[in-house]
Every structure is written in structure tokens, then in C-alpha cells.
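Given next are the chains, with one letter for each unit.
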Amino acid sequence: MNGSNFGYFKGKRGLRQGDPVSPLIFTICMDYLSRLIAYATARWPFHYHPQCKGIRLTHLMFADDLLMFCKGDAPSILLLVKAFTSFSNASGLQMNNAKSEIFFNGVSMDLQTDILSVTGFHEGKMPFRYLGVPIQPGKVSKKDCSSLVEKIVTRIRSIGAKKLSYAGRVVLINSVLNTLYNYWAAMFVIPKAAIKRVEAICRNFLWDSSTEFHRVPLVGWDRVTMAKDAGGLGIKKASTWNIAAVGKLVNWIYVKADRLWIKWIDSVYLKGTSWHDFKPTNDSTWTWKTICKVKDLIKQGFTDNQWAPHQKGYTISQGYEWLMGSVPKQQWTKLVWNEWNVPKHSFNSWLIMQGGLNTKAKLFSHGCCEDDLCILCAEKPETSEHLFDECKFSCQVQKHVEEWIDRPFPTDSELLSVPSSSMKWKALTLVLSCYKYTVWHQRNQARTQFSIVRPILIAERMKMVVQQQIRKFSDRRGAQHLNERNGINLC
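First, a word on scope: everything that follows refers to the structure included in this document.

## Describing the overall build of the protein
Next, step 1: A count of helices and strands for the protein gives 20 helices and six strands.
Next, step 2: For 491 residues, the compact-globule estimate of 2.2 N^0.38 gives 23 Å, and the C-alpha radius of gyration of the protein, at 31 Å, exceeds that figure by more than 25%.
Next, step 3: Reported as C-alpha extents along the three principal axes, the dimensions of the protein are approximately 90 × 75 × 50 Å.
Next, step 4: In the protein, which comprises 491 residues, the proportion classed as buried is 41%.
Next, step 5: For the protein, long-range pairs separated by at least 24 residues make up 59% of all intrachain contacts whose partners lie at least 6 apart in sequence.
Next, step 6: The average position of the 64 basic charges and that of the 40 acidic charges among the side chains of the protein differ by 4 Å.

## Some details on the environment of Leu177
Next, step 1: Its place among the elements puts Leu177 in helix α5 (residues 166-185).
Next, step 2: Each C-alpha atom, one on Leu177 and one on Ile115, is 43 Å from the other, the two residues being 62 residues apart in sequence.
Next, step 3: Setting aside residues no more than four positions away along its own chain, Leu177 makes contact with Asn182, Val198, Cys202, Ile235 and Lys236.

## Overview of the pairing of strand β2 (residues 65-68)
Next, step 1: Relative to β2, strand β1 (residues 59-62) is paired through four bridges, and the arrangement is antiparallel. Bridge pairing links Met61 to Leu66 in β2.
Next, step 2: Where β1 folds back on β2, the antiparallel hairpin that results is connected by two residues, among which Ala63 adopts a positive phi of roughly 55°.

## A short note on the nonpolar core
Next, step 1: Tyr181, Ile190, Trp275, Trp288 and Trp350 are the most contacted members of the largest nonpolar core, which has 101 residues in total.
Next, step 2: Ranked by residue count, the leading element in this core is helix α18 (residues 423-449), at eleven residues.
Next, step 3: Among residues more than four places away in sequence, those in contact with Trp275 are Val250, Ile253, Tyr254, Leu270, Trp288, Ile291, Cys292 and Lys295.
Next, step 4: Of all hydrophobic cores here, the second largest spans 20 residues; its members include Met30, Tyr48, Ile77 and Val107.

## Re the side chain of Ser147
Next, step 1: You can see Ser147 is positioned in helix α4 (residues 146-157).
Next, step 2: Beyond its immediate chain neighbours, meaning those up to four positions away, Ser147 contacts Arg129 and Trp184.

## Describing the environment of Ala83
Next, step 1: Inspection of the secondary structure puts Ala83 in helix α2 (residues 74-91).
Next, step 2: In this structure the C-alpha to C-alpha distance between Ala83 and Ser384, which are 301 residues apart in sequence, comes to 74 Å.

About the cut-offs
Residues numbered from 1 in each chain as written. Predicted model: local features only at pLDDT ≥ 70, side-chain atom pairs only at ≥ 80, totals over all residues. Heavy atoms only, no water. Helix = DSSP H or I, 4+ residues; strand = E, 2+ residues; numbered from the N terminus. Rg over C-alpha atoms; globule rule 2.2 N^0.38 Å. Buried < 20%, exposed > 50% of the residue type's maximum accessible area, 1.4 Å probe, protein only. Contact = heavy atoms within 4.5 Å. Lys, Arg positive; Asp, Glu negative; His and termini not counted. Charge placed at Lys NZ, Arg CZ, Asp CG, Glu CD. Pairing = 2+ DSSP bridges. Core = buried A, V, L, I, M, F, W, Y, C linked by side-chain atoms within 4.5 Å.

Structure, rendered in C-alpha cells:
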């Protein structure tokens, strides 16, 4: 300190959060609390909660969140409080009465008042949040899922969304759905209104970098949520993924997984009956009824795919694919999603295949522009076919590209007719996707900035991008191989 040795700082606060020893010590402490509660509830005055008596469930805990259950009488509640008081005296960990709540059901008002005055707790109201999700006996509403929507909006807005390309937005949407949404989807069936809001946020963000609707989507959401090899972007359909995720709970019940929740379900609802043909009673909770509906919806899949006990295991991805049904694969997708392609180039190629580009011919048909003539050549209507295959400007770019690839310019039909595993095929597909993106970029620049770059300069820009991508995915020897053996001058 101050340029000289000072000695050791005396530790006064014990372990800090993040210390690798903390989880072990915390587990030891909570085990002691569990034994204290078990000892207290084994005594005569204690009565279990009616729904927990079958498995003698008294408490659940995760980190510093503790739930305790008992019948709504004073002796049982006082025994639980006494057990926690003994734990506090031994460990020094105190209960925060301001954050502690007690929930009543079927208890008289006089008894409620007496219990609240003795314990010092506040009366809680349903729903409450535990581990981030709403807990309540009734139906989960759109309002209960508002925090999920808020978290998704916050996550999307926290990143420089305006600077992301279409491809970058797809990655971010998948990241959000694979973290925030999937956690909720695995708990219960999310209300349709909340799912529609989540999908609307993702759709608006994909097409306009905003969570609100400002722009008409270029491609329908049903096609966007298809698998990549079926012509989509591989974004999961939220409602179907929710059903598949709840199917994991159905599978746990099928295989009688060694989980406390499964034991509780068997004790309260199944009671030894067959799960495959089980029908819920009218007085069952909304959550349990929805799980049973999901079981009826996908139980045929358990039979068809041998997901039943002691056979193949069930995964959410398998359930999702089964629910989506068999969709024919599109051959052109291997051109679009070639691993050597620049991601934003791949997205542009996908838009072309889906007819999603706002060409002048398309805009003119909707009354959004005065004419439909091509911006680059001003001779014929600007369609995708004309812009990339027939336009004089584009044809000049192709001729300059042919000079440095040392072969005729590749076409979709040519590349689809040959094997797609060779380095030559990947390089030619890279050239084609780069060409389509560059020409479309030049077309937009001509429309907004009224300037057109010479075709030879565009070809040179393409060459730099293609060379960079080839060096990224292959070593120098592989790039030289393309030059010497396959007639492609990319080195």
C-alpha cells in the first residue's frame, strides 16, 4: 500500500457471493433447516396441507426462496415458525418479515387475523412469483405473462438493433426465444394472447428493428418459422414449441421420473391409474387440465415414435418436429445456406427465393411508385428475374466476374444439378450469393442516392469479399487447389 508492503487485510464478513465454497456451505445450512422442519412437523400438533399429506411435503427451497406448506391452523404454522427461529439462532440468518407473505385458503377471517399477528407476516395475494414465473391456482392470463413480454422487449432494445442486419436479427430472435421464452414455455401452457404478443414483437423486430408495427413484413410469419431446409429461417413457432416443451412434463409422468413433482402428481391426481388414458376431473386446476390436454394432443406421437417408457427418450425438438408435421425439403435451400456464404448474403438470397424483395414491379403493383422500370437499366420492368439475370448492368457485372473466376458465371440451375460437397461448389455458391447481394445493394443505392458505381468496381468489391470468405473457411492450400484444379481464380 502506497509503495510498500502493508500486510494482510483482516477478513470480517466471511464468504462473499461468487466464492466457490459458498454453494457447498449453503447446501449444508439448508440441509440443517430441512432437518429442523422435518423434526418439528413430526410432532403431534402439526397437520400437513391437504394436497401435500400423501408425500409429506412441508417445504420447497431454491437459493434464498423458501415455500412452506401446512394446514391452515395456528399450531401447524407456529411449529414451522419455531423451526425457522431455531435455524436463525444457530446460523444467524434472519427471516425478513417485510418480504415474507402467508397465503390463506378456506381459513376464517378471525383465524387469519390471529395468525398474522403472531407470525408478523403480511397476507399475500395470488398470483405471486417464484423463480420468475407466476404461481396461482387459476388460469394464467395475458397480464400474468406481462413480465415475459417486458423482458423480451428489454433484451431486444438493449442491443444496437438498428445496426444489425437481417441475419443478425434472426440470431438475436433465436437467442431470445431459446432463453427467456423457452424457460416459461417449459413450465405451463402460455395464453394464446401472450404468445401472439411475443411473436408480434419478434416479427416486428425482424423486419423493422422495432418492437412495434411500422412496416409490412416481406415474408409471411408461417414461412419464416419453417425449418431452413423447408424454406424458412429456422425460427421456432412459439405456440407449437410451447406444446412440445410441456410435452416434456408429459413424458416425465409417462416414465415416472424420480422427481418430487411427479411423486406429488401421482399422489394427488393419478393415484396409481394409467396416465395414457387418464382424464382430469372437473375440480382439477387449470394447469393440470392443460397438461392433460397436451398429453391427449401428442400421445399419438409417443406411440408412433416409440417415446413411451423403456424405449426411445422424448426430446422437445423431436416433439416440435412431430407437431409441425412433415414438410417437403426445398432443393434451393442448400444454395442459400451454404456455410461459406456471408450471413447477410444468405438472407438476401432467401428473400429472393421467397419473392420478398421490394422490386419496382412489386411496388408499382401496390401503387407505391409511378413506374416499374428497372433503376439500373431503365429498359424493362424491374422484377427479380430481370434484375439478376437480364439487366444490362447486371450482365456487365457478370462478365467482369467471369474474368477472375476464369469460367462462365454460375447459375442456380447449374449449382443445383451438381454435388454440393466439393470446395468448388461452395466457392461458386459463395460467388452467386455475393453477386445477388451486391447488385441489390447497388440498386438500393441508385434509388436512394441517385448514384451508380461502374460494373468493374462492383466486381472488384465482390472479389475482395469472396477471397476473404474462402480464406476464412479453408487454408491457403485449399484456396490454391481451387485455382489450379478447378479453374477458379480466387487466390
